[in-house]
Every structure is written in structure tokens, then in C-alpha cells.
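Structural overview for review
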Amino acid sequence: MEQLQNLIGGELRGAVSGEWLDNIEPATGEVYSQIPRSNAADVNLAVAAAVKAFPQWSTLAFEERAACLRRWAAKVAEHAEALVHAESKDNGKPISLAKAVDIPRAQQNLEFFAGAIEHFASEAHIPADASHIHYTHRKPIGIVGCISPWNLPLYLFTWKIAPALAAGNCVIAKPSEITPFSAFMLSQWAEEAGIPKGVFNVIHGLGAEAGQAIVEHPQIKAISFTGGTSTGAHIARTTAPQFKKLSLELGGKNPAIVFADCDFDKALATTIRSSFANQGQICLCSSRILIEDSLYDRFKTALVEKVARMRVGDPAEQGTKMGAVVSRAHRDKILSNIDAAIKAGGEILCGGTVASPPNTRCNNGFFIQPTIIEGLGPSCEINQEEVFGPVITLQRFSNEKQAIELANDSQYGLAATIWTQDLSKAHRTAAAVDSGIAWINCWLVRDLRTPFGGVKSSGVGREGGFEALRFFTEPQNVCLPTQA
Ligand code: NAD
């Protein structure tokens with residue numbers, strides 16, 4: 001059985017405790033590797049190594065830090081095929097998705113922030129009488145914690161560590177214990193990429209043990225976290241007395257607003273993708289489909305007809321579009337969300353239960369049929385709580401005002417998708433919706449320079465482009481007179 005290892009001070013090693021945790025393949029339900037069960041002792045070692053490495057890394061020319069990230073990206077490209085298979089096995093996502101999205105994006109994140117740091121210049125301010133110059137000295141924070149979730153493992157892991165390292169920080173990173181494999185692979189190539197020992201450390205283990213130790217550590221000055229809203233709230237409570245800098249990317253309950261004047265075929269095809277990609281386990285997935293009255297029946301009929309024909313399959317097979325959900329516990333949680341919706345009076349239009357892919361290898365895997373539910377109002381649990389699985393609800397609206405009210409009737413505010421051919425209406429709706437991202441007539445189109453994040457319970461702060469580099473630096477105002 002393969003045992004993955006932590007990376008601490010450039011050394012790959014097990015946990016100080018000597019304990020291991022099982023890592024399960026969601027498609028089969030079988031244990032196939034183990035990870036170190038790390039705790040505060042391992043985090044302390046990593047912090048000590050990072051403290052030692054920081055003076056040299058933080059003063060290295062930005063071109064040299066960028067070169068390390070580019071060499072690392074080249075390693076990802078070289079091992080792309082192996083990473084695709086590892087990510088699919090670890091997470092249950094179809095190979096085709098890992099190949100098209102996760103691994104290319106991980107490579108791109110490393111390359112993007114190598115380029116971004118080369119263009120990240122300090123500001124200067126000169127008053128009208130030119131008596132003084134103020135300039136902003138952006139310094140790396142020091143040692144930062146990067147904690148990532150399981151849904152897009154290497155994609156979100158690199159989205160955090162790349163800007164942190166580019167800006168000159170030393171990193172203590174924790175991938176999800178449910179999907180540790182690709183981060184372990186990446187950690188094996190850090191030295192070859194030229195990253196000095198102690199600059200980049202990876203701690204595997206449980207959130208409540210390894211994650212908690214990172215969050216509590218007094219020498220870790222900033223936490224960049226992506227995960228559930230309740231974990232984010234816990235981290236905010238824990239770090240507040242230490243005044244740590246925090247970036248929180250949390251849950252969503254994203255509306256897709258389908259107006260009657262939309263491009264029907266495009267809205268339909270993209271809504272299916274935005275609802276069920278990665279088995280609905282993308283924080284940006286649509287989960288509340290709001291449809292204008294006059295289009296409701298036609299859209300619903302076409303949607304149900306197409307979704308009912310989607311086949312759940314072995315993620316390891318090339319043709320599979322819907323794979324496994326990430327764990328037994330998560331499958332059971334999704335099923336209980338569906339049961340609660342039925343008890344509340346919801347009607348299942350398709351799906352609603354477990355799925356059995358034809359490959360016998362998957363007999364004990366965690367599969368759910370893509371599910372559509374209608375007949376429930378906005379205050380129902382399923383329309384308020386994040387399911388984070390292949391489950392959507394349909395609600396109808398009669399005008400623009402009501403569409404916006406329904407869209408905003410949520411504690412979350414991550415992403416909204418708006419379907420209409422009336423561009424004025426599209427802009428009005430985008431401006432009125434409480435969300436960090438509004439996609440008009442498209443979904444998941446990303447430009448890494450744009451600010452990424454949510455409002456309300458979907459998070460605090462923005463990632464992406466210079467926003468991320470600003471987060472991972474501390475600005476100092478320096479002022480001097482121009483005359484001696
Ligand atoms: P989670 O909150 O359970 O775990 C996320 C990470 O936090 C894991 O690495 C976990 O080990 C760690 N963790 C757990 N408890 C901790 C603690 N006490 N201290 C420190 N670390 C701790 O989330 P998850 O189930 O892995 O991911 C799914 C959630 O992530 C969903 O809610 C989804 O919407 C959200 N998500 C948000 C975004 C975004 O950009 N807004 C992107 C992807 C996923």
C-alpha cells in the first residue's frame with residue numbers, strides 16, 4: 001500500500017505521531033493509499049523550516065522565484081498523464097474532466113503567477129508641490145498557511161500556493177485529507193524545480209488536527225482557505241484574536257436565472273453543464289434554476305429529458321461524463337438532503353437515488369443519479385443549504401424583480417448565471433444580484449486576472465491576479481522629502 005508523505009524542510013517524511021490515515025478511491029470504495037496523520041508537532045517542524053528559509057527566499061529576485069514556478073509548471077506538464085489519472089482516482093471525477101480542466105489549470109496557475117509577479121509594481125504618490133514622495137513597499141507577509149478542499153484538488157491547491165510563493169512567502173500547505181494525492185506528487189518535484197528547502201511545506205492530515213494546528217500557529221501570519229462556510233467561520237473565530245490576515249472562499253447556492261427570451265438551446269446545454277459538472281461538486285455550480293413562467297414547462301421538459309439520459313459511469317473510463325461523488329459520507333449527506341426535500345413536498349423529476357455504473361469494479365463506489373426537484377419554495381432547506389452534489393431545484397418567476405428577489409434569497413453569494421438576449425436586462429440583473437461573479441449567457445469562463453470570490457456567507461476577500469499578490473503582501477507606506 002502506497003504511503004504518501006509530508007514535505008517538511010525539503011524532506012519527505014511520515015507524521016511525527018507515526019500514525020496513518022486511509023485514503024479511499026470513491027469509484028470503488030476501497031482503500032488504496034495512506035497519508036500521514038499529522039498534528040501540531042509536524043506543523044511546528046514545518047514552521048521552523050520555513051522560518052529558516054524565509055530570509056533568503058523573500059529577498060531573492062522576483063525573476064528567480066518566477067523561474068522556480070515555471071520549472072514546477074513544466075514538471076506538471078511532463079507528468080500530466082499521471083496527474084490526470086491520480087486526480088480522477090482520488091476524487092472520483094471523470095478522467096476527461098481532470099484532463100480538460102484540473103491538470104491544465106494547475107499548470108496554468110503556476111505559470112500565471114510566475115508572470116504576475118513580474119508585472120506587479122509598487123505604486124508611488126507625489127503631491128502637487130512635489131515636496132515629498134510616498135511609495136508603497138509591498139513586503140511578503142512571512143509564513144502563510146494555504147488550506148484547500150477536495151473538489152478541485154490540484155487546481156485549488158496551486159491557485160493558493162503559487163501567488164503566496166511568487167510574492168516571497170514561505171508556505172505551509174494542507175490539501176484535503178480526502179484528496180491528497182496530486183499535492184503529494186507536486187511536492188515531490190519542488191526540489192527539482194529549484195524551490196529551496198523549507199520554502200514550501202506540505203502537511204497531510206485531518207482538518208481538526210493538522211488544519212487546526214496551522215490555523216492556530218502564532219508564526220503563521222495569514223491563512224488562505226477554501227472550503228465549507230462552517231469551517232470558514234471556525235477559522236475566522238480562531239484567527240481573530242491573533243489578527244491574522246484571512247482570505248476565505250466558501251460555499252455557494254448559485255442561481256441560474258433563465259429568462260423567456262434566452263437562447264434556448266445554449267441556455268439548456270450550459271445549464272446542464274453548470275449543474276452537473278464534476279457531479280455538481282464545483283463551488284460555482286448552479287443549484288437553483290429559476291425559470292420565467294412562460295418558458296417554464298418547455299425548459300423543464302427538455303432539461304428533464306436530457307438529464308434523465310445522462311449515464312453515471314466509471315470515472316476511469318474515457319467516455320464517462322458523470323463519475324463518483326467524493327466519499328461515502330458525502331454521498332449519504334446528499335441522499336439525506338434529497339430525502340428532506342421529498343419530505344418537504346418536493347417532486348423528484350429525475351434521479352433521486354444512488355446510481356450503479358455497469359463496471360463491476362464500481363459496485364461499492366459512491367454514485368448518485370443526477371437529480372432534479374421541483375415544487376419547493378425559496379425558504380425550503382434544499383433551496384437554502386448547499387448540497388454540493390448532482391442535485392438541482394427548479395423554481396418559477398414571473399418578472400425580473402421576482403427573479404432577482406429569488407436569486408438573492410440566500411445566505412450565499414458566490415456566482416450567478418443569467419440567460420437572456422436582452423443585454424440591458426442582463427446588465428441590470430447582474431448588477432442587482434448579490435454575487436462575486438455574474439456570468440451572462442455563459443458559465444465558468446475564467447480569466448485569471450479577474451477578482452475571484454464571494455459575498456455574504458460565500459467568503460471574504462478576493463483571489464486572482466494582483467488581488468492575490470496584494471493579499472500575500474503587506475503594504476508599507478514610505479515617505480521622504482524631495483529636497484535634502
Ligand atoms: P471543508 O471545509 O470540510 O475542508 C476544507 C479544508 O479545510 C480541508 O483541507 C480540511 O481538512 C480543512 N479543515 C477542516 N477543518 C479545519 C479546521 N478546523 N482548521 C483548519 N482546516 C480545516 O470543505 P470541503 O468539504 O473539503 O470542501 C467543500 C466545500 O468547499 C464546499 O462548501 C464548497 O462550496 C467549498 N468550496 C468553495 C470554493 C470557493 O472558491 N468559494 C471552491 C471550492 C470549494
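Structure: see above.
In short, a report on the structure. Please read all numbers here as calculations on a predicted model, not as lab measurements. (Residues numbered from 1 in each chain as written. Predicted model: local features only at pLDDT ≥ 70, side-chain atom pairs only at ≥ 80, totals over all residues. Heavy atoms only, no water.)

**What about the site of the ligand?**
Lining the immediate surroundings of the ligand are 29 residues, of which Ser148, Glu177, Thr231, Leu250 and Glu386 lie closest. Measuring from an oxygen atom of the ligand, one finds a backbone N or O atom of Ser148 at 2.8 Å. Separating an oxygen atom of the ligand from a backbone N or O atom of Gly227 is a distance of 3.3 Å. Protein contact buries 89% of the 850 Å² of open area that the ligand shows by itself. For the shell around the ligand, the elements supplying multiple residues, two or more each, are helix 7 (207-216), strand 11 (220-226) and helix 8 (229-239). With four residues, the single largest contributor to the shell around the ligand is helix 7. Residues belonging to the shell around the ligand are distributed by class as follows: 13 nonpolar, 12 polar and four charged. (Near = heavy atom within 4 Å. Polar contact = N/O pair within 3.5 Å; in protein donor to acceptor, adjacent residues only side chain to side chain. Areas by Shrake-Rupley, 256 points an atom, 1.4 Å probe, with all protein chains shown as cover. Helix = DSSP H or I, 4+ residues; strand = E, 2+ residues; numbered from the N terminus. Nonpolar A, V, L, I, M, F, W, Y, C, P; charged D, E, K, R; others polar.)

**Notes on a nonpolar patch on the surface**
Residues Met1, Ile24 and Val31 make up a contiguous nonpolar surface patch of about 270 Å² in total accessible area. Looking at the element boundaries, Ile24 is found in strand 4 (residues 20-25). On the accessibility criterion, Ile24 (35% relative accessible area) is partly exposed. (Patch = residues over 30% accessible without salt bridge, like charges linked within 9 Å, V, L, I, M, F, W, Y side chains within 5 Å. Salt bridge = Lys/Arg side-chain N within 4 Å of Asp/Glu carboxyl O. Buried < 20%, exposed > 50% of the residue type's maximum accessible area, 1.4 Å probe, protein only.)

**Concerning the sheet that holds strand 15 (residues 347-350)**
One open sheet holds the seven strands; their spatial order is 15-16-17-14-13-19-20, and the pairing between them is mixed. Either end of the sheet is taken by a strand with one partner, and the two such strands are strand 15 and strand 20 (437-440). When strand polarity is set aside, the average angle formed by the axes of neighbouring strands in this sheet is 25 degrees. Of the pairings in the sheet, the one linking strand 13 (residues 254-258) to strand 14 (residues 286-292) comprises five bridges and is parallel in character. Bridge pairing in strand 14 places Val258 opposite Ile291. (Pairing = 2+ DSSP bridges. Axes fitted to C-alpha atoms, helices over the stretch in contact; angles between N-to-C directions.)

**Digging into helix 5 (residues 153-166)**
Along its 14 residues, helix 5 runs 20 Å from first to last C-alpha, staying within 8% of the 20 Å computed at 1.5 Å per residue. Across the 14 residues of helix 5, 14 count as buried, placing the element largely inside the fold. (Expected span 1.5 Å × (residues − 1).)

**What to know about the packing of helix 7 against helix 8**
To characterise two packed helices, one gives the angle between the axes of the helices and the distance between these axes. Direction vectors running N to C along helix 7 and helix 8 enclose 40 degrees, while the axes themselves pass 9 Å from each other. Note on packing geometry: the crossing formed by helix 7 with helix 8 is right-handed. In contact with Gln212, Val215 and Glu216 of helix 7, helix 8 contributes His234, Ile235, Thr238 and Thr239. Classifying every residue of the contact of helix 7 with helix 8 by side-chain character gives two nonpolar, four polar and one charged. (Left-handed = near helix turned anticlockwise from the far one by under 90°. Contact = heavy atoms within 4.5 Å.)

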